[in-house]
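Architecture at a glance
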Amino acid sequence: MYLSRFLSLHALWVTVSSVIQHYPSVWGHYDVCKTQIYTDEGKTWDYTACQPEAIDMMKYVKVNLDPPNITCGNPPETFCGMGNPYMCSECDATIDELAHPPELMFDAEGRHPYTFWQSTTWKGYPKPLQVNITLYWNKTIELTDNIVITFESGRPDLMILEKSLDYGRTWQPYQYYASDCLNAFNMEPKTVRDLSQQTVLEIICTEEYSAGYTANSKIVHFEIKDRFAFFAGPRLRNMASLYGQLDTTKNLRDFFTITDLRIRLLKPATGDIYVDRQHLTRYFYAISNIQVVGRCKCNLHATGCREENKKLLCECEHNTTGPDCGKCKKNYQGRPWSPGSYLPIPKGTANICLPSISSFGTNVCDNELQICQNGGTCHNNARCICPPAYTGVLCEKRKCEKDPEGCITGQGAISLPQLILLLLPIAPLGLSGGFVF
């Protein structure tokens, strides 16, 4: 009897330990749109919120330069080093080894020296040397990591990073960069470390990436992860908190969403207080790499994103369709389209598009296409009998959503602290298997 009880407790401990060990890892993955489960009524689908994995978006980028003739090499010209105006090279668009076209900003590095795009030199000084570099994808993207720009010519003295949410029709600043923010943009200099949860959306001017020219001053950042950390903690371990904020604060989610990026180069690195008019070939822009990591925005209705006819398209599920899964498929308009929700953690809410009643006769539910969700049962194909905590035509909504205080994350499921309290009496038995957080 005691041996049987011990084995039962041991099995429970190992099972729960395994669940707890992996509990944090499922927060925020959302990598499955539906899972087949077994109920008293047989096999059915459990729908969950889902999103594509983050990828290197520069593999799919298109680039536009303004003015279009700003790239060096046509005609050939000489450019010299910032630190040594007598160490010079040539840019010639007709010779591959000497050409610096725009695609070298995001090619796979392999040659030595590093490949890079380069502008013409500042031979027209004092007329400003300015360039707009527009990156676009013909797709809405959610940024997941820092934007990183690597300059080969020294970081510019003045630069603005801008974003668009409507495919370049309108633009808004993301961040200002200057060696003197107050003088250049009439803004007090700040860094992301000066922000907080309440001010995370503030557009700042930073001097952190514009000071001087040294061998280690090539990189310019726009910090995505540091902004995430205000909600998820310094090591981004509390992704549940971040996803909860993204789900409930539209402006926050829009802040990390783009269709286009524009890098406005307003003044090249000079390295000195004054421009050396005798050596204007020292002044130009050169970019060897741009890093943009993100995922296709699919409104939590897809885990895949494919390229088709040079466009990125979500592989929509949940009976949705469109480039961003932004509408219901034909015959699935039983209720208005809605994006998925990250809440409740860890599976979220799918908000699937329901079949139109006219498309399937008078049946409201069945066990094939119009399946009652969250443990509900179909009664005479006329209505779903829902569990106490759920409501809706197909038991797809939680009743707590109607409460003034909303739903508590994880409501209706046993929580991690509850699991630990339940297992405390077992711990003294010395069973194997430990908690890993």
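The paragraphs below set out a description of the structure included in this document. What you see is a predicted model, and the numbers here were worked out from it, not measured in a lab.

1. A closer look at the pattern of salt bridges
- According to the stated counting rule, one finds 15 salt bridges in the structure shown.
- Lys-250 is the salt-bridge partner of Asp-254, the closest N and O atoms lying 2.6 Å from each other. Placement of both Asp-254 and Lys-250 in helix H5 (residues 250-255) is noted, with a separation of 4 residues, approximately one turn of the helix.
- A relative accessible area of 19% means that Asp-254 is categorised as buried.
- Residue Asp-276 pairs with Arg-282 through a salt bridge whose shortest N-O separation is 3.6 Å.
- In this structure Asp-276 comes out as partly exposed when scored by relative accessible area, which is 24%.
- Residue classification places Arg-282 among the buried positions, given a relative accessible area of 8%.

2. Some thoughts on the pairing of strand S10 (residues 158-164)
- With 6 of 7 residues buried, S10 is to be regarded as a mostly interior element.
- As defined by bridge partners, S10 adjoins strand S11 (residues 172-178) across 6 bridges and the pair is classed as antiparallel. Across the sheet, the residue bridging to Leu-158 is Ala-178, located in S11.
- Relative to strand S14 (residues 257-267), S10 runs antiparallel, the two being bridged by 7 bridges. When the sheet's bridge partners are listed, Lys-163 is paired in S14 with Leu-261.

3. A look at the state of the cysteines
- Scanning the model with the defined rule gives 10 disulfides in all.
- A sulfur-sulfur distance of 2.1 Å marks the disulfide that ties Cys-181 to Cys-205. With the S-S dihedral at roughly -85 degrees, the linkage between Cys-181 and Cys-205 falls on the left-handed side. Of this pair, Cys-181 sits in helix H2 (residues 181-185) while Cys-205 is found in strand S12 (residues 205-206), placing the two residues 24 residues apart along the sequence. With respect to burial, Cys-181 and Cys-205 carry one shared label: buried.

4. A few points about the pairing of strand S13 (residues 219-222)
- Because side chains alternate across S13, one face comprises the buried residues Val-220 and Phe-222, and the other comprises Ile-219 and His-221, none of which is buried.
- As judged from the 4 bridges shared by strand S9 (residues 147-151) and S13, these two strands associate in the antiparallel manner. Following the sheet pairing, Ile-149 is matched in S13 by Val-220.

5. Description of unusual backbone geometry
- Each neighbour pair has its own omega, and for Asp-66 with Pro-67 the value is 5 degrees, a cis peptide bond.
- Along the chain, the position of Pro-67 falls in the loop between strand S4 (62-66) and strand S5 (77-80).
- Cis geometry is adopted by the peptide bond preceding Pro-344, which originates at Leu-343 and carries an omega value of -5 degrees.
- You can see Pro-344 is positioned in the loop between strand S20 (327-328) and strand S21 (377-379).
- Look at Asn-309: it is not a glycine, yet its phi comes out positive at around 50 degrees.
- Assignment of secondary structure puts Asn-309 in the loop between strand S17 (305-308) and strand S18 (311-314).

Criteria and thresholds
Residues numbered from 1 in each chain as written. Predicted model: local features only at pLDDT ≥ 70, side-chain atom pairs only at ≥ 80, totals over all residues. Heavy atoms only, no water. Salt bridge = Lys/Arg side-chain N within 4 Å of Asp/Glu carboxyl O. Helix = DSSP H or I, 4+ residues; strand = E, 2+ residues; numbered from the N terminus. Buried < 20%, exposed > 50% of the residue type's maximum accessible area, 1.4 Å probe, protein only. Pairing = 2+ DSSP bridges. Disulfide = S-S within 2.5 Å.

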